[in-house]
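Each chain, written out:
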Amino acid sequence: MDSLLINQKLTEAQIQTIRSLGSEEKPIRFAVVGEISNEAKYSTCVLLATDSEIFTYDFGKGEESRRYAFSEIESIYCKRMYGNGMMRVKTFDGETHDLFRFTFTVTALCDAAAKYVTDIRDGESTDEALSVMQAVYEKLLSVCPKCGRTLSAPGVPCIHCMDKGRVFKKLWKYLRPEIVILTISVLISVITTALALVPPLLTKTLVDDIIPDRNRQMLTVVVISLVCVHIIHYLFTGIRGYMLRVSGNKIIARLRCEVYEKAQYLPMRFYDKTSTGAVINRISGDTATIQAFMLRITQEVVVQFFTLIGIVIVMLCINWKLTLYSLTPVPLVVIGARIFRKKIAPFYRRIWRRSSGVTSVLTDSIPGIRVIKSYTNEKRSTERFTNAVEEWRTIDTKAGKILNAYPAIVNCLISCGGVVIWALGGNLVINGISTGNGGSISVGLLVSFISYASMFYGPVNFFANLSDSMQNAMASLERIMDILDAEPEHDFGKGMTDVDLGGRIEFKNVNFSFDRTKKTLKNINLVIEPGDIVGIVGTTGSGKSTLINLLLRYYDHYEGQIMIDGVDIRDIDMHYYRSSIGYVQQEPQMFHDTIYNNIAYGDSKFSADEIINAADIANAHEFIVRQPDGYDSVLGERGVGLSGGEKQRISIARAMLRNPKILVFDEATASVDSETEHLIQEAIEQLISGRTTLMIAHRLSTLSKANKIVVVDNGEIIECGTPEELMAMEGKYFRLVQIQSMSDKLAESRKAENFA
Amino acid sequence: MARYYIDKYTGHLERTDLYLVRLVKKDGSVIEDLEPRKLFPFSNSEMYITLLDKNEKEVGFVRKLDEIDEESRKVLLDCFKEYYMIPKISRLLECEDKFGVLKWTVDTDRGEITFQIRNRHSDIKKLYGTNRVIVRDSNDNRYEIPDVTALDSRSNHLLYSYL
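Residues numbered from 1 in each chain as written. Chains lettered and ligands numbered in written order. Predicted model: local features only at pLDDT ≥ 70, side-chain atom pairs only at ≥ 80, totals over all residues. Heavy atoms only, no water.

### What about the overall build of chain B?
Thinking step 1. The helix and strand inventory of chain B stands at 3 helices and 11 strands.
Thinking step 2. Start at the N end of chain B and walk to the C end: the helices and strands fall as β-β-β-β-β-α-β-β-β-α-β-β-β-α.
Thinking step 3. Relative to its full complement of 163 residues, chain B shows a buried share of 43%.
Thinking step 4. By sequence separation, contacts in chain B at least 24 residues apart represent 34% of the contacts at least 6 residues apart.
Thinking step 5. Carbon and sulfur atoms make up 47% of the accessible area of chain B, which amounts to about 8400 Å² in all. (Helix = DSSP H or I, 4+ residues; strand = E, 2+ residues; numbered from the N terminus. Buried < 20%, exposed > 50% of the residue type's maximum accessible area, 1.4 Å probe, protein only. Contact = heavy atoms within 4.5 Å. Areas by Shrake-Rupley, 256 points an atom, 1.4 Å probe, with all protein chains shown as cover.)

### Structural notes on a negative patch on the surface
Thinking step 1. Side chains of E124, D127, E128 and E559 of chain A sit close together on the surface and give a patch of like negative charge.
Thinking step 2. When you line up the elements, E559 of chain A lands in strand β13 (residues 559–564). (Patch = residues over 30% accessible without salt bridge, like charges linked within 9 Å, V, L, I, M, F, W, Y side chains within 5 Å. Salt bridge = Lys/Arg side-chain N within 4 Å of Asp/Glu carboxyl O. Lys, Arg positive; Asp, Glu negative; His and termini not counted. Charge placed at Lys NZ, Arg CZ, Asp CG, Glu CD.)

### Digging into the environment of D485 of chain A
Residues and elements named next belong to chain A.
Thinking step 1. Relative to the helices and strands, D485 is located in the loop between α14 (466–484) and β10 (505–512).
Thinking step 2. Distance in space between the C-alpha atoms of D485 and K262 is 9.2 Å, their sequence separation being 223 residues.
Thinking step 3. The residues touching D485, leaving out its near neighbours within four places in the chain, are R166, K170 and K262.

### Focus: the sheet that holds strand β5 (residues 58–64) of chain B
All names here are of chain B.
Thinking step 1. Taken in spatial order, the 5 strands make up an open sheet running β1-β2-β3-β4-β5, and their pairing is antiparallel. On the outer flanks of this sheet lie β1 (11–15) and β5, each paired with one strand and no other. Across the sheet, the mean angle from the axis of one strand to that of its neighbour is 35°, orientation sign disregarded.
Thinking step 2. Taken together, the 5 bridges between strand β4 (residues 47–52) and β5 define a ladder with antiparallel strand orientation. For T50, the partnering residue across the bridge sits in β5 and is F61.
Thinking step 3. In this fold helix α1 (residues 70–83) packs onto β1, β2 (21–25), β3 (30–38), β4 and β5, with an angle of close to 45° to the strand it touches most, β1. (Pairing = 2+ DSSP bridges. Axes fitted to C-alpha atoms, helices over the stretch in contact; angles between N-to-C directions.)

### Re helix α1 (residues 12–21) of chain A
Residues and elements named next belong to chain A.
Thinking step 1. Among the residues making up α1, those that are buried are Q14, I15, I18 and L21. Down the axis of α1, the sector holding all buried residues measures 120°, keeping them to one side. For α1, the exposed residues set more than 90 degrees away from the buried face come down to E12, A13 and S20.
Thinking step 2. Summarising the contacts, the buried residues of α1 are in contact with β1 (5–6), β2 (30–36), β3 (42–49), β4 (53–58) and β5 (63–64). (Arc of directions from axis to C-beta.)

### Regarding a nonpolar patch on the surface
Residues and elements named next belong to chain A.
Thinking step 1. Taken together, the side chains of F168, W172, I179, V180 and I184 present a nonpolar region at the surface, about 450 Å² in accessible area.
Thinking step 2. Take F168: it is sitting in helix α4 (residues 164–175).
Thinking step 3. We classify F168 as exposed; its relative accessible area is 53%.

### Concerning the packing of helix α5 (residues 179–213) of chain A against helix α13 (residues 443–464) of chain A
Residue and element names in this part refer to chain A.
Thinking step 1. In contact at an axis separation of 7 Å, α5 and α13 are set at 160° when each is read in the N-to-C sense. In terms of orientation, α5 lies roughly antiparallel with respect to α13. The two elements α5 and α13 meet at a crossing, and its hand is right-handed. Across the interface between the two elements, A196, L197, P200, L201, T203, K204, V207 and D208 of α5 pack against V443, G444, L445, V447, S448, S451, Y452 and M455 of α13.
Thinking step 2. Among the residues making up the contact of α5 with α13, the classes are represented as 10 nonpolar, 4 polar and 2 charged. (Parallel < 35°, antiparallel > 145°, perpendicular 65-115°, else oblique. Left-handed = near helix turned anticlockwise from the far one by under 90°. Nonpolar A, V, L, I, M, F, W, Y, C, P; charged D, E, K, R; others polar.)

### Quick word on the nonpolar core
Within soluble globular proteins, side chains that are nonpolar tend to cluster in buried spots.
Residues and elements named next belong to chain A.
Thinking step 1. By size, the foremost hydrophobic cluster in this structure holds 41 residues, and its most contacted members are I599, I624, I652, F665, I684, L703 and I709.
Thinking step 2. Elements supplying a minimum of two residues to this core: β12 (533–537), α17 (595–600), α18 (608–617), α19 (621–624), α20 (644–657), β16 (662–666), α21 (674–688) and β18 (708–713).
Thinking step 3. Considering each element in turn, this core owes the most residues, 6 residues, to α20.
Thinking step 4. Dropping the residues within four chain positions of it, L703 is found in contact with G535, V537, M695, A697 and I709.
Thinking step 5. Grouped together as the second largest cluster of nonpolar side chains are 33 residues, V333, F340, I344 and F347 included. (Core = buried A, V, L, I, M, F, W, Y, C linked by side-chain atoms within 4.5 Å.)

### Some thoughts on the confidence of the model for chain B
Thinking step 1. In this model, chain B carries an average pLDDT of 86, and 97% of its residues clear a pLDDT of 70 or more.
Thinking step 2. Predicted complex metrics record ipTM = 0.87 and pTM = 0.68. (pLDDT = per-residue confidence, 0-100.)

### Focus: the interface of chain B and chain A
A common way to express how large an interface is: the accessible area buried when the components associate.
Thinking step 1. Every contact between the two is made by 39 residues of chain B and, on the other side, 37 residues of chain A.
Thinking step 2. Between chain B and chain A the total buried area reaches about 3500 Å² when both faces are included, carbon and sulfur atoms providing 51% of it.
Thinking step 3. In this assembly, chain B and chain A are joined by 3 salt bridges.
Thinking step 4. A salt bridge links D17 of chain B to R88 of chain A; the nearest nitrogen and oxygen atoms lie 2.6 Å apart. (Buried area = accessible area lost by both parts, 1.4 Å probe.)

Here is the structure:
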């Protein structure tokens, strides 16, 4: 049977219904399960398409809509409205029909479906159109296709369906180096657990035998042994705590570094999908959760289990009847504590929300104090803050009752449980004394029982709450695995290193799409001769930067070829390749380090002379010498902030230093004033002499040195040639030049007026 | 160009499509295919309505619904009924909080629905100074709770920790 693309888990019967709407020759290719009917009421409605027809089926009513053959459709489009949208079909008879109403949950699928219909109608092959459709379905995968569980982030592998052995293997890798320490620590904890069971027993002999017998000698022995037991117990506990900290630190350090290293080598595609904030969270937060969980599972579970078993065995050995009595309050206390935790969780969340509300007012207003003052908004600002604080206070006060009442109740239950043992056990003791049957239960036994019973609650509570911490750890693990399992950029250390990157660059029929759904670059053919200075112009979103991204090999999954000196760039070693390209961005990234290190950027092979020389050529030396700390000034520290233009010149020095074969400027002068632009321009001109250069620019004046201009529009190269040729063509470039020279003149005349 | 205010005397609206209207001005001139949009979809939905042409440029402006004629008013309300979908939550049925994702099942004026909330702090908002709560789900669909105090106690209990 043909595979059916579907975005949601439906019942088997519903799937059957959908399949039955297609036929052997015309199977249903995909189903978009929407949430609303055409009347905007919630109901399961599906949009269905075969190779030649599109229609809908409403499960609520059990009705099928009119079927539209692709050939009768003039246009099909999705009108995005508010909270919902409508897929509309305009047929060749001029009528517009409302085909499918959808919520934003399936907007992407509906857009893709409309494209599917149009593409096939226009003669594209069904397979091609379907593969685009499939890509959209895959991208939307925020639930596991196997088990239907919501994933912690879209596209991550589902931890529940993942091979458990593989998950364990991943964790084992981090546990293994520490296994000796962890085993020793477990052994120690078995000893300490056993030791903890001793004092109540000794107490029993104290109360029952030694004190009534006035045996001072034994008293001394017992007291000394009690002291020894305590010393040994806490000594071991301390040693174990230290050992666990050491190995726990090693685990987390290793996990963090490995995730970080992996993240460094992940392709840009990964970062397009995942926000940088989320990646930072995974490296700092999720690793800690996993480490805590690993220690919990390997240590606490064992320790608590032994404690539990130990106590029960000892108690049963002494007196099984009293054991049962003393354990009766346990379930009550455990259930009480669990209910308590559930009850207070919302309060904690609420309090947390309010206090973060207070913080957000703070972070909102204090940095903006200039605006507040200039609009004399101090009063309102204070009011806002007072309100936020007041809201927090009200909630916290309200919650205060319950937050204090519940622990009181639980502790009271525990204490009362102790009293129950006193009552029952006390009775038994009195009975024993009155009947003269001293063998049944002694006072000492009762006292030791009460100690044991109170020790019992710790482990029981631990196991009762284990599932919560497990759930957190699993969510973290899921996100970490997403990084650890992702394919890295693979071409480090392999590939050719003997290619002359100063050679001729050639784009051959390059097509590129970020997510297979929309082509960002279409049919790019471009030749850049050695030493060419190429200006790339075009409107925002036209694909200029993407063109550069491909050349820099941020993305390798394009169609066609990019060749340098006749070699496909994907066959060249990544390290060798990238280090031969100087890349200057619009907003240069500075690191929290000295100016010197910012220029050298991790490469110690350069001498101070070379660095100063590079800074000089980049016009950066002149402002660096004015810094009191010179090249040792640490950026971002004690007022060493550089202006945009200064940072730009440092980044040019950085590129300069590497003596690259190819230079790429991505709007390097877009965000600086015209005087600085002039300085940067000067620096750039010194830098580019004799190198192949690509420059993206909004200000066409930046391109005065270019001998070749490429105009990109909507992912295609629409004009390409020398500036003179393009001016003569009177096309897009001509118009851009005209508009800019007009606005330049305007700006100049305004300037003249001001100075007059 | 000055804003063209539409009232009983200056213009009349006719519905031409699901969400489109035709504006007939006082001078008899006609502008086709205008899309009426609420400028305050949450806070003040009966006032300040803009009419946009195909290029999303404003060509007409209604200050208050009761300033225009009966028929035009009905036209606008009908369009809005199609265009705006902000289900009113009447009851919270279930509230699952697992793996950092919030999953709500609610009863609304349009039926029962289950959705997810990704960021509980920014996606559940009580409008300042009112009892209305606006909810945004992980797919950018909107929902509203017109009056939190009118919810039954179970719903209130479920909602409690997120407000």
